[in-house]
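Chain by chain, the residues:
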Amino acid sequence: MVEDGSIEHVPEEENEPRASNSEQVEMEIALILEKINNFTQMVSELLESGKSMLKELTNEFEERMILIHKEQMEKWQDEIKELRLLDSANEEIDALLHNAKYMLQNIHVG
């Protein structure tokens, strides 16, 4: 455009640098888009890898907690068995002592 508002024709040779600049810009944009795609792919792979690791850790944690629970239950069951055996033994001893006391009382009385 010229100052009076009329359009001036620019020779083709002067348009070429603009096309070249535009091509350069498009190439840079294409590189940025490629970086975006590569980064997005990397993030996606890291997310999947992280999910996989967390799932494995969760499974290992769950298995370990179940094992700890099982071991503790077995320990307490053993303690219950020991207490019942001890109680049974105490009752037998108590019965023997009661019989011995009865016999001793009868010997002193008789």
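The residue count restarts for each chain, going from 1 along the sequence in the order it is written. Totals for whole chains, interfaces and linings use all residues, but because this is a predicted model, local features are given only for residues with pLDDT of at least 70 and pairs of side-chain atoms are given and counted only at 80 or more. With hydrogens and water excluded, all non-hydrogen atoms of the structure serve as input to the side-chain values.

(A) Fine view of the overall build of the chain. Within the chain, the regular secondary structure consists of one helix and zero strands. In these tables, accessible area is a Shrake-Rupley quantity obtained with a 1.4 Å probe, and a residue counts as shielded only by the protein chains included in the view. When the accessible surface of the chain is summed, it comes to about 10,900 Å², and 60% of that surface belongs to carbon and sulfur atoms. Strands here mean DSSP runs of E at least two residues long; helices mean DSSP runs of H or I at least four residues long; both are numbered from the N terminus.

(B) Expanded view of the UniProt feature "coiled-coil region" (unreviewed entry) in the chain. UniProt positions are given in the numbering used here, feature names are shortened, and annotations may be inferred rather than shown by experiment. Look at the UniProt record and you will see "coiled-coil region" (unreviewed entry) annotated at residues 59-86. End C-alpha atoms of residues 59-86 are separated by 40 Å, and the span's content is 100% helix alongside 0% strand.

(C) Region of interest: a negative patch on the surface. The patches reported here contain residues having more than 30% relative accessible area and no salt bridge. Joining distances are 9 Å for like charges and 5 Å for nonpolar side chains (Val, Leu, Ile, Met, Phe, Trp, Tyr). A pair is scored as a salt bridge if a Lys or Arg side-chain nitrogen falls within 4 Å of a carboxyl oxygen belonging to Asp or Glu. The charge count treats Lys and Arg as positive and Asp and Glu as negative. His and the chain ends do not count. Here the site of a charge means NZ on Lys, CZ on Arg, CG on Asp, or CD on Glu. On the surface, a cluster of negative charge is contributed by Glu71, Glu74, Asp78, Glu79 and Glu82. When you line up the elements, Glu79 lands in helix 1 (residues 12-109).

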